Amino acid sequence: MRSWSWEAVSSRLQNTLTPGSCAPLLPAGEYKPETLSQASDNLDTLPVTVLKGVGPRIAARLQRLNIRTLQDVLFHLPARYEDRTRVTPMGAVQSGQQVVVQGEVDLAEVRFGRRRSLLVRISDGSGALTLRFFHFNAAQQAGFTRGTAIRCYGEARGSAGSLELIHPEYTLLPGAAAAVMEEHLTPVYPATEGVHQLTLRALTGQALEYLGGEDGDGALVDWLPDGLVRSFRLTSLPAALRYVHRPPPNAPLELLAAGRHPAQQRLAFEELLAHHLSLRRVRQRTQQLAAPAFSGGQALLDRYTGSLPFKLTTAQQRVVGEIQRDLSRRHPMARLVQGDVGSGKTVVAACAALLAAGAGYQVALMAPTELLAEQHYRSFSDWLSPLGIDVAWHAGKSKGKARAAALQAISSGEAAVAVGTHALFQEEVEFSRLGLVIVDEQHRFGVHQRLALRDKGRVHEQRPHQLVMTATPIPRTLAMTVYADLDTSVIDELPPGRQPVKTVAVSQERREEVIHSVRKACAAGQQAYWVCTLIEESDALQCQAAEKTAAMLAECLPELRVGLVHGRLAAAQKETLMASFKGAGLDLLVATTVIEVGVDVPNASLMIIENPERLGLAQLHQLRGRVGRGARQSSCVLLYQPPLSETARERLAVLRASNDGFEIARRDMQLRGPGEVLGTRQTGEMQFHIADLLRDESLLTFVEAAAAQLMELAPDNVAPLIHRWLGQALDYGEV
Ligand code: ADP
Ligand code: MG
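What you see is a predicted model; the values in this text were computed from it and never measured. (Residues numbered from 1 in each chain as written. Chains lettered and ligands numbered in written order. Predicted model: local features only at pLDDT ≥ 70, side-chain atom pairs only at ≥ 80, totals over all residues. Heavy atoms only, no water.)

1. Structural notes on the overall build of the protein
The number of helices and strands found in the protein is 27 helices and 21 strands. Across the 735 residues in the protein, those meeting the buried criterion constitute 55%. Partitioning the contacts of the protein with sequence separation of at least 6, the portion at a separation of at least 24 is 77%. Accessible surface, the protein: about 31000 Å² in total, of which carbon and sulfur atoms supply 51%. (Helix = DSSP H or I, 4+ residues; strand = E, 2+ residues; numbered from the N terminus. Buried < 20%, exposed > 50% of the residue type's maximum accessible area, 1.4 Å probe, protein only. Contact = heavy atoms within 4.5 Å. Areas by Shrake-Rupley, 256 points an atom, 1.4 Å probe, with all protein chains shown as cover.)

Below, the structure is given as structure tokens:
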């Protein structure tokens, strides 16, 4: 007789956490549950339609939640919990609490205020509360007669003495019947249109009955071998599932809400393991592919490093060594180079390019923005032309003769190195013998893109080697999960003589002073950036704002040569401007965030960032990395618009306190979540049911070891485990 008025409120309860498009990494055909066991009651094959109340219509809707089998139902895990197991006396209710209260109706009336609402006064002897409904019908209103017993569930708002429950769920309790309370904490599931909480609760309830005994001998196979479960002291799988779907009334709500209960952690661990294993398989498959082994590039490499005005740092040398070893093998390299802003990743990329060119193969270097690609084109031309290596340029915007000439040079093989944007991988670009693909500063690039790129560069049965350089360095444990398909190198050292950028936060109210400091710095021969940010996504608005600022600054600082660069300028214009700034032909460069990554002008030592509160930490760190590239002490002024929110204040404080990209990325993830920081592509492929990359970092440290154990003890369990967590839509496949 649990007659909570579900239908009326379920839409409100529906969680917005609908799982995103999950694109698992297991190629189609890899694992077919049907072949695994003849037993017809295996939960990974039993369709949801065996459950009561699931016909074709509901089954179709459940597919939107990626639920097809009983196993899928069991692994559709609650997003949160509500405690409806006990009644709270009204006198003890506090604002902000989610409570069940029970009492009698004293009074019901319709108020015509700003919004028409139905107010129902209830009391239980210990105190009184008001229920407020904005949507109600006459029948509902008529039900609230004085003296009727009622039970409600909702969140209390307001202050003591005048607490309200807004649109609570409620049940009228006819007669004096004491209604049965919920026995468990109430799970709230990720839902979708047409599949309500009540349905999901009923389905999980039924599916749990199929689960079998505590010892795990039921119809759901635990793919983790005993030894592994014991060595990591994991809760048994059936017990964990039962607990998370139906936590007992005395369950520690806070622990559950935080996702840190051992039952949740067991599942989170398994999920992280499944993701890690799926990426490991991608890596294993790479090892089975063929690639050209490069040899004979050493002489060229030595000539290049000898021509540089500096010596490679020990870290750079080590990473070049790692790349060189990979490139000498007959299988495609898949390596990620992580390094903080300014650690010198470009030079490392050039070394890799030379090893390929020296072996007679072509290199494609791809940058995320045209501005950065142009800059790389210039550096690579300067570095490589003297060594007799031709460099071509190709981007979406290249036109006419220049474009045709570049395409011709690339397809004839005359250009050993092609630099550009993602346009390099469009149909019309044909390489004569591509051997290496370098992707610079591209953290918003998921495993699917990496694989597609590799397959596009395929020549007969040979795939090109791949080097990815990331703009956002992340902690090792995290990298092992997100980038487990790649080998990782870290440039953990900055070139000598670098001084950390001094960072200050200054209010817009002191803008005059800031302008004056720009005047002083430039008078002393320094160069400065003035970065304009806007929330608007619109390119046009961004550029407009930058134009205004540039005009204003030119007026205030007539003695300075002021330039302006933004995304709407033609490629040639941008190039001229950047070259002019680099050659000290400009003192002050006003820019939009187009200069965020990669731009390298060592003489620039002052940066003003307007409205830094609008940007993420990692992005600010990247921007700031445009200064502090020479030996001079550099500064960064965060020119904020007061008043600052608490988070914004915290973010700016992190930036003032630290110059370490790893640390900053960490804090950024805490403040904004890994999805925002790592980029949608990267994490879009990583939709977790229960794991959380940040919260479960301590689990991540064990995932690698557990994966090794599993592959050793029970290699056949790997595929079904991946299947269990990453689902049915197996669509990545080798293109
Ligand atoms: P990032 O890792 O941010 O891409 P860059 O490759 O742009 O860094 O290098 C930053 C600056 O440091 C460049 O001006 C580059 O020429 C210089 N640089 C790179 N390696 C060294 C080194 N070993 N010693 C001194 N300067 C270096
Ligand atoms: Mg770079």
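On we go.
2. Thoughts on the pattern of salt bridges
Applying the stated criterion across every chain yields a total of 27 salt bridges. Aspartate 83 is the salt-bridge partner of arginine 86, the closest N and O atoms lying 3.1 Å from each other. Assessed through its relative accessible area of 16%, aspartate 83 is described here as buried. The closest approach of N and O atoms between arginine 667 and glutamate 650, which form a salt bridge, is 3.6 Å. Highlighted residues: arginine 667 in helix H23 (residues 661-672) and glutamate 650 in helix H22 (residues 646-657), separated in sequence by 17 residues. The network of salt bridges with shared partners includes Arg318, Glu322, Asp326, Arg329, Arg335 and Asp492. (Salt bridge = Lys/Arg side-chain N within 4 Å of Asp/Glu carboxyl O.)

3. Considerations on the sheet that holds strand S13 (residues 434-439)
Pairing is parallel in the open sheet, where seven strands are placed in the order S11-S12-S10-S13-S14-S9-S15. On the outer flanks of this sheet lie strand S11 (391-394) and strand S15 (487-491), each paired with one strand and no other. Geometrically, the sheet is characterised by an average inter-axis angle of 20° between neighbouring strands, direction not taken into account. Two strands pair when backbone bridges link them, and strand S9 (residues 334-339) and S15 are joined in this way by five bridges, in the parallel orientation. Bridge pairing in S15 links glutamine 338 to valine 490. Sitting on the sheet, helix H16 (residues 447-456) touches strand S10 (362-366), S13 and strand S14 (465-470), and the angle it makes with S14 is about 145°. (Pairing = 2+ DSSP bridges. Axes fitted to C-alpha atoms, helices over the stretch in contact; angles between N-to-C directions.)

4. Things to note about the site of ligand 1
Near ligand 1 lie 18 residues; those nearest to it are Gln316, Gly342, Thr346, Arg498 and Asp600. A distance of 2.8 Å is found between a nitrogen atom of ligand 1 and a side-chain nitrogen or oxygen belonging to glutamine 316. In the model, an oxygen atom of ligand 1 is placed 2.9 Å from a nitrogen or oxygen of the arginine 629 side chain. The protein chains hide 90% of the 560 Å² of surface that ligand 1 would expose on its own. (Near = heavy atom within 4 Å. Polar contact = N/O pair within 3.5 Å; in protein donor to acceptor, adjacent residues only side chain to side chain.)

5. With respect to the nonpolar core
When a protein is soluble and globular, its nonpolar side chains tend to lie buried together. Among the nonpolar cores identified, the biggest contains 77 residues, and Leu62, Leu74, Leu241, Leu267, Leu721 and Trp725 are the most heavily contacted of them. No other element matches the eight residues that helix H10 (residues 262-287) contributes to this core. Dropping the residues within four chain positions of it, leucine 241 is found in contact with Leu74, Phe75, Leu77, Leu208, Leu211, Leu220 and Leu267. Formed by 40 residues, the second largest nonpolar core is a distinct cluster that contains Leu327, Met333, Ile389 and Ala416. (Core = buried A, V, L, I, M, F, W, Y, C linked by side-chain atoms within 4.5 Å.)

6. A closer look at the packing of helix H21 (residues 617-624) against H22
At a closest axis distance of 10 Å, the pairing of H21 and H22 adopts a crossing angle of 40°. Viewed along their axes, H21 and H22 form a crossing whose handedness is right-handed. In contact with Leu617, Leu620, His621 and Arg624 of H21, H22 contributes Arg651, Leu652, Val654 and Leu655. (Left-handed = near helix turned anticlockwise from the far one by under 90°.)

7. Some points on the packing of aromatic side chains
In this structure the tally under the stated criterion is ten aromatic pairs. Ring centres of phenylalanine 75 and tryptophan 725 lie 4.9 Å apart, and the angle between their planes is 85°; on these two criteria the pair is classed as edge-to-face. Of this pair, phenylalanine 75 sits in the loop between helix H4 (70-74) and strand S1 (80-82) while tryptophan 725 sits in helix H27 (residues 718-726); the two residues are 650 residues apart in sequence, bridging distant segments of the chain. Tryptophan 725 shares its class with phenylalanine 75; the two are buried. Three or more aromatic residues joined by ring pairs form one cluster here, namely Phe133, Phe144 and Tyr170. One residue, arginine 84, lies across the ring of tyrosine 153, its end atom 4.0 Å from the ring centre. (Phe/Tyr/Trp six-rings, centres within 6.5 Å; stacked < 30°, edge-to-face > 60°. Lys NZ or Arg CZ within 6 Å of the ring centre and 35° of its normal.)

8. Quick word on the pairing of S10
Counting buried residues along S10, five of its five residues qualify, which places the element largely inside the surrounding structure. Residues of S10 alternate between two faces, with Gln362, Ala364 and Met366 on one and Val363 and Leu365 on the opposite face, all of them buried. Across four bridges, the pairing between S10 and strand S12 (residues 417-420) is parallel. What sits directly across from methionine 366, in S12, is glycine 420.

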